[in-house]
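Next come the chains, spelled out residue by residue.
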Amino acid sequence: MNTAGHTDAAGLDLIPFRGVRYVPEQVGSLAAVTSPPYDVVVRPDGLHHLESADPHNIVRLILPQATTPAARNQQAADTLHAWLREGILAPDAEPSLYVYEQRDDEILQRGIIGALRLSKAEEGVVLPHEDVMPHVVEDRAALMRATSANLEPLLLTYRSDSASGGGASGAMAVIERTAERAPLLSTTTEDGFQHRLWSVRDPAEIAEIRSDLAAHQALIADGHHRWATNLRLRAEHPSPSAWDYGLVLLVDTARYPLRVRAIHRYLHRLPVSEALTALGDSFRVRTVEGSLGDALDVLAEAAAKSNAFVLAGDGAFHLVDRPSPDLLARTIPGGYPEAWRTLDATVLHATLLDHVWRIPDAPEHIAYIHDTAATVEKAERDGGTAILMHPVREEVVRDLARQGVTMPRKSTSFGPKPATGLVLRALAF
């Protein structure tokens, strides 16, 4: 593990590492071995699709399939070691930082991948904004213990003074210069995104990046469970060690703003008719005519004025908005900033799920689904209720995080998310 040049600065401490990457000659295509992050893969169809795309698809490491958790984790470890032994994967010769670019017809995003020194939320360096589920953290921790690897980068954001279209400096200047060179790899995945990766090995450029980032704090955009997992495993290993760092992609959202999308809920055991009946007169309920797109447009308009959701699953779209102020006063916890108390996710969980519907936040009752159409289709197929959410602005998320306030889990989906499988970090290298 390369820890040279450690800084005692209070900000971000990003160091190079020997990235482990697929050897292009050993796989069908780089696109065929990549995957979305583990929690975005829609099971089981998405998992089967990725497994069949290429026998070496990274999903065999991040979501191994076996009869018990222990067997799954051992299978992932055995697979990783076999791929390294067979030359399917290979470590780069020298430690590097990596510039990573994602591009489609609508968005261009560039950031820097490296090993980031871990820190607790109270240190104010890396700010979480959502709660985590202990059983997911334990699941990811067991996998990481078995593989001794960071299999996919977290997505973190920071904000510099480099406004979009202005002159770049510091880390962003290095990123922009690097993107003019020939990349290590370039591939286009089936979602239409082109991915390019470059290595940064020049000591002066690495120092320029590290010096700049040391003056900044970051927001966890995607990967709260993996960050919590890293912290747990750091506590299990004497410091200093490779476990003091985690694999991250850092994106300057002053230069490259992310998309912020909602994560929807699916209630397995509550039909739409029962959900609507239980609301009584505590919310306004209207049926929305037209397509899913029409319903989302109406939701966006309503969410600008009050808490609003769309319920679906019975072949129609039902806008639920304008909650009773008395109901909110009784059900929303006090002692939090107004911005938190008025979040749609707060009202959904504290008022609707806990009080009106009395549904526990457990996997057998609630599923969290990123894809809007897939949430509706599941509800219509299985007879439960889809709850469609409107996204939260990044500024709200960041302001709450700086106040040390976490949002209900799965409140946001930042993207585009880094593709899994382009560069890994094995702690042995």
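Residues numbered from 1 in each chain as written. Predicted model: local features only at pLDDT ≥ 70, side-chain atom pairs only at ≥ 80, totals over all residues. Heavy atoms only, no water.

1. Quick look at the packing of aromatic side chains
Okay, step 1: In the structure shown here, the tally under the stated rule is three aromatic pairs.
Okay, step 2: Their ring planes at 50° and their centres at 6.2 Å tell us that Tyr-22 and Trp-83 sit as a pair that is tilted. One end of the pair, Tyr-22, is in strand β2 (residues 20-22); the other, Trp-83, is in helix α4 (residues 69-86), and 61 residues separate them in sequence.
Okay, step 3: Take Tyr-22: its relative accessible area is 3%, and that puts it in the buried class.
Okay, step 4: Here Arg-140 stacks its cationic end above the ring of Tyr-38, 4.0 Å away from the centre of that ring. (Phe/Tyr/Trp six-rings, centres within 6.5 Å; stacked < 30°, edge-to-face > 60°. Helix = DSSP H or I, 4+ residues; strand = E, 2+ residues; numbered from the N terminus. Buried < 20%, exposed > 50% of the residue type's maximum accessible area, 1.4 Å probe, protein only. Lys NZ or Arg CZ within 6 Å of the ring centre and 35° of its normal.)

2. Some remarks on the pairing of strand β17 (residues 317-321)
Along a regular strand, successive side chains alternate from one face of the sheet to the other.
Okay, step 1: Across the five residues that make up β17, a large majority, five, are buried.
Okay, step 2: Here β17 shows a buried face lined by Phe-317, Leu-319 and Asp-321 and a second buried face lined by His-318 and Val-320.
Okay, step 3: Bridge count for strand β15 (residues 284-288) against β17 is five bridges, and the pairing is antiparallel. Bridge pairing in β17 places Val-288 opposite Phe-317.
Okay, step 4: Sheet topology note: the strand β16 (residues 308-312)/β17 ladder contains five bridges and is antiparallel. (Pairing = 2+ DSSP bridges.)

3. Section: unusual backbone geometry
Okay, step 1: Note that the residue after Ser-239, namely Pro-240, is joined by a cis bond; omega there is 5°.
Okay, step 2: Locating Pro-240 in the fold gives a position in the loop between α8 (224-236) and β12 (245-252).
Okay, step 3: The omega torsion of the bond from Gly-415 to Pro-416 falls at 5°, within 30 degrees of zero and hence cis.
Okay, step 4: With respect to the element layout, Pro-416 can be found in the loop between β20 (413-415) and β21 (425-426).
Okay, step 5: Its identity as a non-glycine residue notwithstanding, Ser-148 has a phi of 50°, on the positive side.
Okay, step 6: By the secondary structure assignment, Ser-148 is in the loop between α5 (134-147) and β7 (149-150).
Okay, step 7: The phi torsion at Arg-322 lies on the positive side, around 50°, for a residue other than glycine.
Okay, step 8: Residue position: Arg-322 is located in the loop between β17 and α11 (325-331).

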